[in-house]
Each structure stands twice: as structure tokens, then as C-alpha cells.
Amino acid sequence: MGFMLRTAALFLLACIMSGCASTALEAVSDFDADFNFGEVQRLAILPIDRTSAAEKLISDLQVDRINDALTIELQARGYEVVSDRDAADVYLAWHLVTREKTDIRSYNAASAYNCWRCGPPVSDVSVRQYVEGTFIVDLIDPARNRSVWRSTIQSTLKSQPDPKDAAQNRAMAAKAVLLPFPPETSSL
């Protein structure tokens, strides 16, 4: 079990660092409609929680690279990332979650030849195991110590990501997960 968890965490980290197998990362977000996002200018990135098994497997170098990608994206959008929590309007916390999944499909093998009546029916089963990764970003209101915004991106992860593209793909993941921020509150 420990090996499987370690492998899954490394797959997710490889996704964030080196790109995902799916073509486009789309964020799903939710937010507290009563929170005033217009007042948010400064964010402090919280240290990751090293009590969970997945986060224990991520090196400090890898954490720094993900934090840097998030910082660069926030700064490009006009926000200031501060190290002093007391100076922050909100805190940013991120998490990595992986799940091993199995895709089981059954099909009539004879249909591949477009000849349904050419012989006896032949059923075949295809089993594919893969790792699905989820990158979660929460913005936390320091006054209430509660999440006021959450965004997630999910992807099937590559087992052998290309390390040459790591920085660019981290930037794409940061951009995708932060795309819904700030939320449009007028649609409520």
C-alpha cells in the first residue's frame, strides 16, 4: 500500500511539474458569495500539511516549484504574494490528491471487422489501470479561518512525463487552477 501511495503521489507531482495526459485542464470552482473578493490584493501561501502521506512524499524542492508557479500566475494578475501572514488578505493552501482507477470495458471483438454475423459472438474485456490526479487550491479568510474559494483541476496522469517541459506545464496548471479567481459574483 505504501508503495502504491508513493507511486500515485509521484505521478501527480509529475503531472503538475511536467504536464498532464489530457489535452486541456479545466478548473471547477466554488466560493462563498458573502466574501468580498474585491478587497483581496495580498495573498500568503501556506506551507503544505506534512501530516498526510501524499504530502510527505513531495520534496521541498518540488513544493517550492509549485509555489513559484502559483506566485508567478498571481503576480501576472496583479496580486501581491507576501510571506507575512499578518499582511495577507487571504491565505492560499494547495493539496495534491491521487486515486488509482480502473477502466473496464467489454465489447464484441467481431464488431471490429464489421461482420456481426460472420461467426460466433466473441466478447472481449479491456482493463486499463491509471492514476487520476487532482490539484486543489483553497483561499482562506484569515478572520474566520475558513475557506472562501476553492478550485480544482483533474487529469489522468502520464507515467513518463517529459522533464524538458516541466516549468511550462507547471505554469499551465497554475493558470488553469487560478483561472476562476476572482469569482464573478454578479451571476448569483
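Rules and cut-offs
Residues numbered from 1 in each chain as written. Predicted model: local features only at pLDDT ≥ 70, side-chain atom pairs only at ≥ 80, totals over all residues. Heavy atoms only, no water. Phe/Tyr/Trp six-rings, centres within 6.5 Å; stacked < 30°, edge-to-face > 60°. Helix = DSSP H or I, 4+ residues; strand = E, 2+ residues; numbered from the N terminus. Buried < 20%, exposed > 50% of the residue type's maximum accessible area, 1.4 Å probe, protein only. Lys NZ or Arg CZ within 6 Å of the ring centre and 35° of its normal. Salt bridge = Lys/Arg side-chain N within 4 Å of Asp/Glu carboxyl O. Polar contact = N/O pair within 3.5 Å; in protein donor to acceptor, adjacent residues only side chain to side chain.

Caption draft 1: Geometry of the packing of aromatic side chains. As enumerated under the stated definition, the model contains six aromatic pairs in all. With 5.4 Å between their ring centres and 65° between their planes, Trp149 and Phe181 make a pair best called edge-to-face. Here Trp149, found in strand β6 (residues 146-156), pairs with Phe181, found in the segment after α4 (166-178); they are 32 residues apart in sequence, far enough to count as distant. Just as Trp149 is buried, Phe181 falls in that class too. Taken together, the ring pairs in this structure connect Phe31, Phe35, Phe37, Tyr79, Trp149 and Phe181 into an aromatic cluster. Above the face of the Tyr91 ring, Arg85 is positioned so that its terminal group lies 5.7 Å from the ring centre.

Caption draft 2: Broad picture of the pattern of salt bridges. The tally for this structure, following the rule as stated, stands at five salt bridges. Between Glu73 and Arg77 there is a salt bridge, and its shortest N-O distance comes to 3.0 Å. Linked through salt bridges whose partners overlap, the residues forming this network are Asp32, Asp141 and Arg144.

Caption draft 3: Unusual backbone geometry, seen in detail. That bond from Phe181 to Pro182 is cis: its omega, -5°, falls within 30 degrees of zero. For Pro182, the position within the fold is in the segment after α4. Not every positive phi belongs to a glycine, and Asn145 is a case in point at roughly 55°. Relative to the helices and strands, Asn145 is located in the loop between β5 (123-141) and β6.

Caption draft 4: Here's a closer look at the side chain of Thr134. Along the chain, Thr134 turns up in strand β5. Assessed through its relative accessible area of 12%, Thr134 is described here as buried. For Thr134, the side chain forms a polar contact with the side chain of Gln154, separated by 3.2 Å.

Take it as geometry only, folks, not as evidence of what the structure does.
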